[in-house]
Amino acid sequence: MSPTPLTDLLGFDPHLVTLALAPAFFLAMAGEWLHLRHNRAAYPSATYTWADTLSNMTLAGLYQASDVIAALLTIVVYNALFDVRLFDIPFNGWSVALLFLVQDFVYYWFHRAHHRIRWFWCSHVVHHSSEKLNLSTAFRQSVTYPITGMWLFWLPIVFIGFPPETVIFAVAISLAYQFFIHTQAIGKLGPLEWVLNTPSHHRAHHGRNPRYIDKNYGGILIIWDRLFGTFVEEDAVEKPDYGIPRQIRTHNPVTLNFHEWRDMFRDLVAPGLTLKERGLVLFGPPELAETLGRHRSAEEMERVKGI
């Protein structure tokens, strides 16, 4: 990947930004753990446990390993697309600000797709599968993200003319910011709640309560949710119940990474489905896809029993 002034400005490869911030992440986790230790009753679903924390760390390690391998292909594809870019965008303050805004907009749609399309949800469900929410939950990622194609969402930004390494850096900064909003120890932040994706907004996003499901997809900014009708306020009375609609309740990293893939392919081969319905099992909304596959499978079993 050809260097840009960003490399010289940072003094290190922009791809390593999350690694460079690792000490800050662990210090923040230590601070949160100390705070929660003295306030257990106030945050019962935030408590650090060895099982949950080690599970999150294991999933993070597996994700990083898969991401390194996928990056080899991603860099080739991004560079090839950048060679036929539409515009030559200079590296300056205005272009950096524009990239921040464009990347955050794309992240919103990436995140929304990973909740509303079952193929993508198979990867993203891993992040939501913990029944706890603390800073370590941010590390809970899927090894299958490269397979589902998360890297595809940022191709248009490279094609427009933003250098690949600046795009990857912008994504990394967004993910680094989002680490710090996986906490219950910070309340609402006043006027910032109107613009930024705050801990309060992200707690709502992680809730499996009907009012919270599929809301607050923003990365750094919450403005996209407000614009596109997916915003919900965290309610002081109905607090988020963390996890997924069908709780998985395991710390086995293989099960956590692949349980939704298993269920999806089981629904895909359910008897009695049309080709269109099988397409919906793969690419329809998760709740529709699951219901469709299982309903048809049950229908077929009843039909066979009646013969």
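Each remark here, short or long, concerns the structure printed above.
Given the structure is predicted, the values throughout are model-derived calculations rather than measurements. (Residues numbered from 1 in each chain as written. Predicted model: local features only at pLDDT ≥ 70, side-chain atom pairs only at ≥ 80, totals over all residues. Heavy atoms only, no water.)

**Student:** What is the right way to look at the nonpolar core in this model?
**Tutor:** Here is a general trend for soluble globular proteins: nonpolar side chains tend to be buried in one another's company. Ranked by internal contacts, the top residues of the largest apolar core, which has 21 residues, are Tyr78, Leu99, Phe110, Phe153, Trp154, Ile157 and Val167. Elements represented by at least two residues in this core include exactly α4 (50-82), α5 (93-116), α8 (155-160) and α9 (164-179). Ranked by residue count, the leading element in this core is α5, at five residues. Apart from the residues within four sequence positions on either side, Ile157 is in contact with Leu99, Val102, Gln103, Val106, Phe162 and Val167. Counting residues in hydrophobic clusters, the runner-up holds twelve residues, among them Leu36, Tyr48, Phe139 and Phe179. (Core = buried A, V, L, I, M, F, W, Y, C linked by side-chain atoms within 4.5 Å. Buried < 20%, exposed > 50% of the residue type's maximum accessible area, 1.4 Å probe, protein only. Helix = DSSP H or I, 4+ residues; strand = E, 2+ residues; numbered from the N terminus. Contact = heavy atoms within 4.5 Å.)

**Student:** Looking at this model, I keep getting lost on unusual backbone geometry. Mind explaining?
**Tutor:** Most of the time, phi is negative for any residue but glycine, and the peptide bond is trans. The phi torsion at Asp214 lies on the positive side, around 60°, for a residue other than glycine. Assignment of secondary structure puts Asp214 in the loop between α10 (199-206) and α11 (223-228). Phi at Arg249 takes a positive value of approximately 50°, unusual for a residue other than glycine. In this fold, Arg249 is placed in the loop between α11 and α12 (253-268). For Arg249, a relative accessible area of 61% puts it in the exposed group.

**Student:** Help me out: how do you make sense of the pattern of salt bridges in this one?
**Tutor:** Side chains carrying opposite charge are able to pair once their charged atoms draw close together. Applying the stated criterion across every chain, the model contains 16 salt bridges. A salt bridge links Glu260 to Arg118; its shortest N-O distance comes to 3.0 Å. Remark: Arg118 occurs in helix α6 (residues 118-128) and Glu260 occurs in helix α12; sequence separation between them is 142 residues. When salt bridges with common partners are traced through the structure, they connect Arg118, Arg246, Glu260, Arg262, Asp263, Arg266 and Asp267 into a single cluster. (Salt bridge = Lys/Arg side-chain N within 4 Å of Asp/Glu carboxyl O.)

**Student:** Could you clarify how one ought to interpret the packing of α6 against α10 in this entry?
**Tutor:** Each pair of packed helices can be summarised by the angle the axes make with each other and by the distance between the axes. Viewed as axis vectors pointing N to C, α6 and α10 meet at an angle of 120°, and their least axial separation amounts to 11 Å. Between α6 and α10, the crossing angle belongs to the class labelled oblique. Across the interface between the two elements, His124, His127 and His128 from α6 touch His202, His205 and His206 from α10. (Axes fitted to C-alpha atoms, helices over the stretch in contact; angles between N-to-C directions. Parallel < 35°, antiparallel > 145°, perpendicular 65-115°, else oblique.)

**Student:** Would you explain a nonpolar patch on the surface in this entry?
**Tutor:** On the surface, a cluster of nonpolar side chains totalling about 450 Å² of accessible area is made up of Val84, Leu86, Phe87, Phe159 and Ile160. In this structure, Phe87 sits in the loop between α4 and α5. Under the relative-accessibility criterion, Phe87 is labelled exposed at 52%. (Patch = residues over 30% accessible without salt bridge, like charges linked within 9 Å, V, L, I, M, F, W, Y side chains within 5 Å. Areas by Shrake-Rupley, 256 points an atom, 1.4 Å probe, with all protein chains shown as cover.)

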